[in-house]
Amino acid sequence: MVFLSDLVSLDGREIFWHALPRQDVALSCPAFEVLYGGQKGGAKSDAIIVKPTPMLMFAHEKYERTGVKQDRCRVVIFRKNIGHLTDLITRAKGLYSRLDPASAAAGWNKNEKRYTFTSGAFVEFAHLDGPDDHQGYNGQELRGICIDQCEEIPGDVVQFLKAQIRTSDPDYLEFLFLFMTANPGGKYSDWVKSAFIKSCPPNTIVEQKIRLKDGRVKTTTKAFIPSALSDNPYLNNDGQYEANLRTLPEHMQKMYLEGDWDCVVGAYFSHLWRKDIHVIPSFPIGPTWPLQMGLDWGSTNPACCLWGARDEDGTVYIIDELYGPGVTGKTWGEKI
């Protein structure tokens with residue numbers, strides 16, 4: 001699948017959107033799962049809205065060729081809170097009506113928060129505010145999912161939604177996607193950091209071979225595409241947005257201006273933590289070094305267990321950690 005930097009209306013009359021260079025990298029990435037994020041102001045919201053367009057363009061072409069409505073071509077754009085959808089919806093209505101001018105008059109359904117294209121394909125907007133909102137998509141065929149600010153969403157909810165991405169039409173197999181944006185510091189950023197920041201070298205597609213029950217081997221792919229304020233000339237050139245961010249506390253500046261995923265909002269020592277000082281390359285633990293663990297339990301707030309090793313000089317090295325919702329003592333004990 002090739003993404004075109006210039007978006008041309010389906011009637012061929014207008015070039016109405018041009019991708020910024022880093023947007024183009026994220027949107028053209030062929031990995032099934034893509035995380036696009038890091039610093040604030042990197043033009044992520046437009047990328048969320050534009051991501052479905054290659055599939056929508058294909059649906060239009062197939063509809064014109066066959067005369068069959070492509071009303072099973074369904075994409076959902078999620079955010080945590082319904083109020084946070086307002087800006088995305090406003091921007092999407094403007095872009096989608098220019099992509100498909102024939103749908104401009106009747107494409108948007110306010111009650112269902114859905115934009116339907118001439119082909120019958122549609123993009124809907126939904127929130128995940130309630131603990132069971134994601135359950136409403138169980139067993140449904142979603143051909144693409146976008147999640148804006150996925151660090152606000154529990155990791156198990158995202159994995160549940162990922163399981164709904166499929167197609168009964170083989171023509172759409174190459175278009176299936178899970179596309180997410182994120183900034184450091186959200187309530188659930190720990191799973192984002194584990195799944196992408198730690199395990200995906202930036203701008204690199206990570207492949208995993210999966211053996212199926214019948215012996216076949218399939219490959220899954222994911223990628224992390226960093227974004228930066230400097231990628232967005234609309235905010236960066238003036239400098240005022242950066243100036244405003246530089247009035248924030250130092251640890252928040254690290255998150256929002258440097259894309260530092262090791263900072264935690266509200267952490268007691270966040271103003272002192274520096275990755276270049278406090279993180280060192282791995283090395284073998286001395287055979288006589290004592291090992292100890294410490295536990296800070298939390299059933300509602302995250303629990304944390306740290307393992308440390310102390311050398312002959314008394315320096316303690318943290319060698320492993322377990323961090324996340326405690327749920328129950330038994331569950332947490334089994335994880336430890």
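Heads up: the structure comes first, above all this text.
Heads up: these notes are all about the structure in this document. (Residues numbered from 1 in each chain as written. Predicted model: local features only at pLDDT ≥ 70, side-chain atom pairs only at ≥ 80, totals over all residues. Heavy atoms only, no water.)

1. Some thoughts on the pattern of salt bridges
Right, so step 1: Tallying each qualifying case throughout the model produces 17 salt bridges.
Right, so step 2: The partner of Asp 169 in a salt bridge is Lys 62, with the nearest N and O atoms 2.4 Å apart. You can see Asp 169 sitting in the loop between helix H5 (155-162) and strand E9 (177-182) and its partner Lys 62 sitting in helix H3 (residues 53-66), a full 107 residues away along the chain. Each member of the pair, Asp 169 together with Lys 62, is buried.
Right, so step 3: Among the charged side chains, a network of salt bridges with common partners joins Arg 74, Glu 112, Arg 114 and Glu 124. (Salt bridge = Lys/Arg side-chain N within 4 Å of Asp/Glu carboxyl O. Helix = DSSP H or I, 4+ residues; strand = E, 2+ residues; numbered from the N terminus. Buried < 20%, exposed > 50% of the residue type's maximum accessible area, 1.4 Å probe, protein only.)

2. Quick look at the pairing of strand E12 (residues 291-296)
Right, so step 1: The buried count for E12 comes to zero of six residues, which makes it a mostly uncovered element.
Right, so step 2: Bridging between E12 and strand E13 (residues 302-310) involves six bridges; their strand directions are antiparallel. When the bridges of E13 are listed, Met 293 appears paired with Trp 307. (Pairing = 2+ DSSP bridges.)

3. Structural notes on the sheet that holds E9
Right, so step 1: Taken together, the nine strands give an open sheet; going across it, the order is E5-E6-E7-E4-E8-E9-E3-E11-E10, and neighbouring strands pair in mixed fashion. In the strand order of this sheet, the two ends are held by strand E5 (108-109) and strand E10 (205-211), each with one partner.
Right, so step 2: Here strand E3 (residues 33-38) runs beside E9; their pairing, made up of five bridges, is parallel. Looking across to E9, one finds that Gly 37 is bridged to Ala 182.

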